[in-house]
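Residue-level structure breakdown
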Amino acid sequence: MNKMNLLSLLMVSFPEAIMVATLGFLLIGLKPWWRDLVIIGALQAGFTYICLLLPVPFGLHSIFEIILFILNIRLVTRLPYRIVILASLFGLIFYGSIETVAIQFMLQIKGFSLTDIWNYTSVRFFYFLPQALVMLIFIAACKVFNISLIRYSQEYNRLGHLSRKEIQDSLKADIVNNHNLVIFVVVLLPVLLLAILNMAFEASMLNIFPGEHFNIFNGLMGLFIIVLTVLSTVAVKKIGQYVEKEYEAKRAEENLKQIKQLIHSSRKQRHDFHHQLQTIYGLLEGGSYERAQDYISRLFGDISKTGKLIKTDNFSVSALLYTKIGLAEAKNIEMEIAVECSLREIPLTPHETSSLLGNLIDNALEAVEDKTGACRRVKVKITREQRVYVIIISNTGDPIASKIIENMFNADFTTKKEHSGLGMSIVKDIVIKHRGNIKISSDTEVTTFTVTIPLKKGARLNESKPVGWGNRKLPV
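The structure contained in this document is the topic of the report that follows. What you see is a predicted model, and the numbers here were worked out from it, not measured in a lab.

Its location among the elements puts Gln-131 in helix α6 (residues 121-144). A polar atom in the side chain of Gln-131 sits 3.0 Å from the side chain of Tyr-95.

As C-alpha cells, this is what we get:
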C-alpha cells in the first residue's frame with residue numbers, strides 16, 4: 001500500500017491540490033482567493049492521508065480522493081456544485097494527463113518503479129517536480145494570456161463575501177447550468193477515468209495490484225461505464241436540442257432580414273412620396289396646373305400598376321412581392337410577376353410564405369445581378385393546379401452546375417461570400433413540412449425553380465382569382 005508521511009503531505013499533496021484547484025478555476029474563467037486555495041490544499045492533504053490509511057482496495061483510493069476533492073472545494077468556496085464539478089474535472093484532467101506522461105518519462109530515465117515512488121519521500125518529491133513545473137507553466141499561461149475554456153460573467157474574487165444564495169443568484173446566467181452540465185461531465189469524465197485506468201494498468205504490470213483488488217476496481221469501472229452510457233444518451237439528446245435551437249435562431253435571422261427589406265422599401269417609398277408632393281406643390285404654386293395634372297397622372301399610373309400586383313387576398317404575399325419589386329427596381333432588373341389564383345387556401349403560414357418566396361426570389365435576383373441587358377430578367381408565377389399550389393421562379397442567370405444543385409439545399413452551403421447558406425435550406429424544410437416538392441431545371445438560357453405545395457385535406461376547390469390579381473413587368 002502507498003505510504004505517506006508528514007513530509008510527503010507537505011511537499012507533494014499540499015502543493016498538488018493547490019495547483020489542481022488553481023488551474024481548474026482559471027480554465028473556467030474564475031479567479032480564486034489564495035486563502036481558499038491554501039485551505040483546500042491543507043484539507044486535501046489530510047483527506048489523502050486518511051484515504052491511504054483506510055482498508056480501501058488498491059486503486060479505489062484515487063476515486064475516493066477525487067470525490068473528496070470536489071466536496072472540499074464546495075465546502076471552502078461555497079460555489080454551486082455545477083461550477084465546483086467543472087473546476088475539479090478540468091484541473092484533475094490536466095494534472096492526470098501530465099502525471100501519466102511525466103511518470104512514464106521519469107521511470108524510463110531513472111529506472112525506479114512505482115513502488116519506489118510511493119514508498120520513498122525523496123523519490124516521490126523528485127518525480128513530482130516535473131509535474132509541478134508543467135502545472136505552473138499552464139497556470140502562468142492562463143493568467144498572463146487570460147486563457148479560459150468557459151467564460152463566466154462574474155469573477156470569483158468578487159463573490160467571496162456573498163452568501164450561498166447570493167452566489168448562486170449571481171451565477172444563474174452563466175453558460176454552465178443544470179441543463180447542460182451533463183454534456184460537460186460526459187465529455188470530461190471519460191478523460192479522467194482513462195488517466196486512472198492508465199495508472200491502474202501500470203500498477204498491474206508491475207505486480208503491485210493484488211488480484212482481488214483488481215477485480216473490485218474492474219467492477220467499479222464497469223459501473224462507471226454504465227453511468228456514462230446513460231449520461232451520454234441524455235447528452236446527445238440535449239446537444240440535438242441545442243443544435244435545433246441554433247438552427248431556428250439562424251432561420252429567424254434570415255426572416256428578420258426579409259422584414260428589414262420590407263421596412264426599408266416602405267421607408268424609401270415614403271421618402272420618395274414626400275419629394276413627389278413637394279414637386280406637385282411647387283407646380284401648383286407656380287400656376288402650372290396642366291403640368292401638375294400631367295405629373296399626377298403619370299405618378300398615379302405607376303402607383304396603380306403596383307397596386308394591382310400587391311393587392312392579392314394574402315397580405316403577407318402582397319407585402320413581400322411589393323418589397324421585391326422595389327429591390328428589382330433599385331437594381332434595374334426586369335421583373336415579371338403573375339399571381340393567377342386565390343391564395344386563401346395556401347397551407348403555409350405567413351411566416352413560411354415570406355421565407356419561401358423571399359429566399360427563392362432573392363436567389364433569382366442575385367443570379368442575374370451581374371448580367372447585362374436582356375439577361376437581367378426574373379419571372380415569378382403563382383398558380384393552382386387541381387389540389388396543389390405551384391410556385392415557379394425563373395431567371396436568366398448562369399446555369400447551375402449539377403454538383404451545386406445536389407448540395408444547394410444543405411444547411412450552410414453557399415457559393416457566395418458573406419452569405420449564411422441557410423436560405424435554400426429553409427425553403428427545403430418548409431416544402432418537406434407541407435409534403436411538397438422542389439424541381440430545378442437549368443440550362444444556358446434559363447434556370448427555373450418549381451415548387452409544389454399540396455392543399456390541406458378538406459380545402460375548397462375554388463379556383464377563382466384573388467381580388468386585384470395582376471401582372472407587373474418592370475422595365476430595364
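We are not done yet, so read on.
Turning our attention to the pairing of strand β5 (residues 447-454). Within β5, 6 of the 8 residues are buried, which leaves the element mostly enclosed by the surrounding structure. Relative to β5, strand β3 (residues 388-395) runs antiparallel, the two being bridged by 8 bridges. Within the sheet, the bridge partner assigned to Ile-392 lies in β5 and is Thr-450. What sits between strand β4 (residues 437-442) and β5 in their antiparallel hairpin is a turn of 4 residues.

Turning to the nonpolar core, a few remarks are in order. Residues Ile-28, Phe-69 and Leu-192 are the most contacted members of the largest nonpolar core, which totals 49 residues. Elements with a minimum of two residues in this core: α1 (6-27), α2 (34-53), α3 (60-77), α4 (81-110), α6, α8 (181-205) and α9 (211-285). Formed by 38 residues, the second largest nonpolar core is a distinct cluster that contains Cys-341, Leu-365, Val-368 and Leu-422.

The subject of this paragraph is the pattern of salt bridges. In this structure the tally under the stated criterion is 7 salt bridges. Where Glu-369 meets Lys-331, a salt bridge forms, and the shortest distance between an N and an O atom there is 3.6 Å. Placement of the pair is Glu-369 in the loop between α12 (350-368) and β2 (377-385) and Lys-331 in the loop between α11 (315-330) and β1 (334-339), with a sequence separation of 38 residues. For Lys-331, a relative accessible area of 24% puts it in the partly exposed group. For Lys-381, the salt bridge goes to Glu-340, with nearest N and O atoms at 3.9 Å.

To continue, consider a nonpolar patch on the surface. Side chains of Tyr-49, Ile-50, Leu-53 and Leu-54 sit close together on the surface and give an oily, nonpolar patch of about 380 Å² of accessible area. Tracing the sequence through the fold places Leu-54 in the loop between α2 and α3. With relative accessibility at 43%, the residue Leu-54 sits in the partly exposed group.

In this section: the packing of aromatic side chains. Tallying each qualifying case throughout the model produces 1 aromatic pair. Note on Phe-94 and Phe-138: the rings are 5.4 Å apart at their centroids and 75° apart in plane angle, and the pair reads as edge-to-face. Residue Phe-94 is located in helix α4, and its partner Phe-138 is located in helix α6; the two are separated by 44 residues in the primary sequence. A relative accessible area of 33% places Phe-138 in the partly exposed class.

Conventions we followed
Residues numbered from 1 in each chain as written. Predicted model: local features only at pLDDT ≥ 70, side-chain atom pairs only at ≥ 80, totals over all residues. Heavy atoms only, no water. Helix = DSSP H or I, 4+ residues; strand = E, 2+ residues; numbered from the N terminus. Polar contact = N/O pair within 3.5 Å; in protein donor to acceptor, adjacent residues only side chain to side chain. Buried < 20%, exposed > 50% of the residue type's maximum accessible area, 1.4 Å probe, protein only. Pairing = 2+ DSSP bridges. Core = buried A, V, L, I, M, F, W, Y, C linked by side-chain atoms within 4.5 Å. Salt bridge = Lys/Arg side-chain N within 4 Å of Asp/Glu carboxyl O. Patch = residues over 30% accessible without salt bridge, like charges linked within 9 Å, V, L, I, M, F, W, Y side chains within 5 Å. Areas by Shrake-Rupley, 256 points an atom, 1.4 Å probe, with all protein chains shown as cover. Phe/Tyr/Trp six-rings, centres within 6.5 Å; stacked < 30°, edge-to-face > 60°.

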